[in-house]
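Residue-level listing of the chains:
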Amino acid sequence: MARSCAALLPIAVLMAQRAAAGPCGGLGCAGDMPDADVFFERMQVPAFEVPLLGGGSYVVDPAFPHKPVVVLARRSDDLFTEFMTTDPAGVDTFFQITPKPDVDFIFLSHDNASWTAAFRNVLDARIKALGEDPAYWNSHLFYASATVQEMEAMDPTNRDPAVPSSNVIARVMRAPPFLSIQKLLLFEAAPGVVANVSRLDGLFQFTNPQDLTNHAPANPLNGSLFVYNASSLCGGPAPGDLTGQFPLILLEDVPSSCSIEQVFEYFQNSNAPGILFMGREGQEIRPVGITVTGNVVTGSYTMGTTLPYNRALANGPAAGSGGVKAVLKYHFAAGQYFGVTRDSRLLQIGSPINPYLDTVSFQGQYLQYLSNLGDRLRAPAVVVPVFEGVVGSNVTTGSTGAVRTLSNLPLALFASSLFKRLEIEIEFGCASDFECPVWDRIVTVQMTCPGQVQPLEIVRWISPYRKSAGHWVVDVSPLRPLFNSTACSVALSGFSFSPYHEPWVTSLSLRLLQGEASDLVPKAAVPLFSGGTYDVGYNNRSAVTVPIPADTVRVELYSVITGHGSDADGCCEFEAMRHTFAVNRQEFNVTFMAPLDMYGCTKNVTDGTEPNGFGAWWFGRNGWCNGNRVKPTVLDVTSVAGSSAVVTYSSQRYEQATNTWRNPTCKQACGNVVMSSYLVLY
């Protein structure tokens, strides 16, 4: 039987989780939230329409086929989206992703009727400057002729989900899962008078923005603000201890030889909870770190933020005066982004963590991926449910998750040559991004059958940074011989490491498919090597000898390998690595070079990586990406197998500075490799 793309995770489980978490996942935003309709991720969106520049309307109606859609509705009070949609380099990122998704993008403003036409001119100019295909983009970019507020006023009372309404975007943007963050500086402008100023935080991984990310500082941050004398910056004496203080640097006073990034680094060891910059009067501001290229992390999680020119602050107290009371905080305001799948399900866009417009196009790529996945899941299949709506925090003791016995396994079908392929379908999420745990975890499913000494891993994935809509299929056809008994038990574990009992919701099914006539059916899957601590003794391993029956027609090496941790050698999450399997002395390499690519994981969005996570999701990693399943590597070793296969294994890490491969040398606090490997006989 086939299953639609959105049917796995039970909505009842997700909504119970949402209700228990409270507004915005219990993040303290209830007082900032307006009255809202009930909209949540994966819910079918009511039919809606958007009046367009040039006439006509864009209609999304669940009753009729439509493309996936990404909506960006800019708020005029948000400096982040202002910069995102005006900075040429940031706008260009929207067009530079590949492949281009067959997804529509709708742009509008909450409150400024002239903005959409101006933004259309910006995009048209960049399309021309970049040499992009105008025909392609003109068929995928749409611009509203009315603001969100005006559209709601056109049809204020319609709540019939079957009748297209112009009020739906406003209603979705007020719903808690689709709210966005507004960042402010509050300060005492006069005794008893509190003023507030919008601010633009620096780039994540250069500064530490106040956000929902995995390194974010507290919300709010309190301190005393004073104007810092900029004449001594960049080469002057260290600023001293600024604990509890917010130095404010006026960019008009910074020497021309000194960049804003250099000034920020000047304060790195000052213990200041935040470094504030004020733009020049009448000029646009930019975030700290925007000019930095390459994989640069300052190493100090200090917050840097930029303010528009404000005369009262510019004339504020100098150092040594005690300063004025100030608070850096964010609160929740009307949302600015959401996506709609091909089958009319709402999706959050995630964290627009840095002000680049590819945040929007990455979401388009992910919607394209979900469409392609939906097509794949429509293929006729025998579906065997294993886990249905398992909630991690409800079933976990220590590091062990749910356990199920495969009593419903159709052994006759698994033994039949009619079915050539075996897939595992996974849906993994939570009620909304605000409820999801913010750190990545290794999640594994292991199977234990009668007479088996150790559990055998059958699939692995990595949880995202607080993203809530993971959905993947993994082809595990080579492991089919392991599914040989209704007494086998399957354990889901790894995402609730004590004391992190994390509320991920998981559904998982086996899928038997006919496959192609040329597909072979495996007869045996023999376990080979596992991973371990990547220390100086990691390669001390014995060979494994596997007899090869005379009627064997194909032999494959099947492996699932990921590297994790960070030790003195840089191993293993962000270090390139080579794994060498030798079969009868013939070497076969599994090599992961993605850690050398700062944006390596952005290239896997169309293959299932959840974009816009609440952390540095874009960095290339050692065999994996946040928010994606780990794809097995399958190598054909038939030509060297013979009547028996003697298999050895070793691993080397890549040292970029010397362009050489080196054996592990770590002796303490080492990284680790997680690996399962099999020799598969057909």
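Residues numbered from 1 in each chain as written. Predicted model: local features only at pLDDT ≥ 70, side-chain atom pairs only at ≥ 80, totals over all residues. Heavy atoms only, no water.

Chemist: Tell me what's going on with helix α10 (residues 358-377), and back it up with residues and numbers.
Modeler: With 20 residues, α10 extends 28 Å from end C-alpha to end C-alpha; this agrees with the ideal 28 Å at 1.5 Å per step. Burial analysis of α10 places 17 of its 20 residues in the buried class, which makes it a mostly covered element. (Helix = DSSP H or I, 4+ residues; strand = E, 2+ residues; numbered from the N terminus. Expected span 1.5 Å × (residues − 1). Buried < 20%, exposed > 50% of the residue type's maximum accessible area, 1.4 Å probe, protein only.)

Chemist: So what's going on with the environment of L679? Residues and values would help.
Modeler: Structurally, L679 is set in strand β33 (residues 672-681). On the basis of relative accessibility, which here comes to 0%, the residue L679 falls in the buried class. Once the C-alpha coordinates of L679 and N219 are considered, the two residues, 460 residues apart in sequence, prove to be 52 Å apart.

Chemist: Could you give an account of the nonpolar core, naming the residues involved and the relevant values?
Modeler: Grouped together as the largest cluster of nonpolar side chains are 101 residues, with contacts concentrated most on F107, W461 and F483. No other element matches the 8 residues that α10 contributes to this core. F48, V60, F142 and V168 belong to the second largest nonpolar core, which has 29 residues in total. (Core = buried A, V, L, I, M, F, W, Y, C linked by side-chain atoms within 4.5 Å.)

Chemist: Could you give me a rundown of the state of the cysteines, with the residues and numbers involved?
Modeler: Overall, the coordinates contain 5 disulfides when judged by the stated rule. Here C601 is linked by a disulfide to C625, with a sulfur-sulfur distance of 2.1 Å. Its torsion about the S-S bond being -95°, the disulfide of C601 and C625 is classed as left-handed. Within this pair, whereas C601 is found in the loop between β28 (586-592) and β29 (628-629), its partner C625 is found in the loop between β28 and β29, the two being separated by 24 residues in sequence. The same class applies to C601 as to C625, namely buried. Sulfur-sulfur distance for the disulfide between C666 and C670 comes to 2.1 Å. (Disulfide = S-S within 2.5 Å.)

Chemist: Residue-level account of the pattern of salt bridges, with values.
Modeler: Counted by the stated rule, this structure contains 32 salt bridges. As a salt-bridge pair, D375 and R342 come within 3.0 Å of each other at their nearest N and O atoms. One end of the pair, D375, is in helix α10; the other, R342, is in the loop between β14 (337-340) and β15 (346-347), and 33 residues separate them in sequence. For R342, a relative accessible area of 28% corresponds to the partly exposed category. Connected through shared salt-bridge partners, R376, R421, E423, D475 and R511 make up one network. (Salt bridge = Lys/Arg side-chain N within 4 Å of Asp/Glu carboxyl O.)

Spatial relationships are all this shows, so hold off on functional conclusions.
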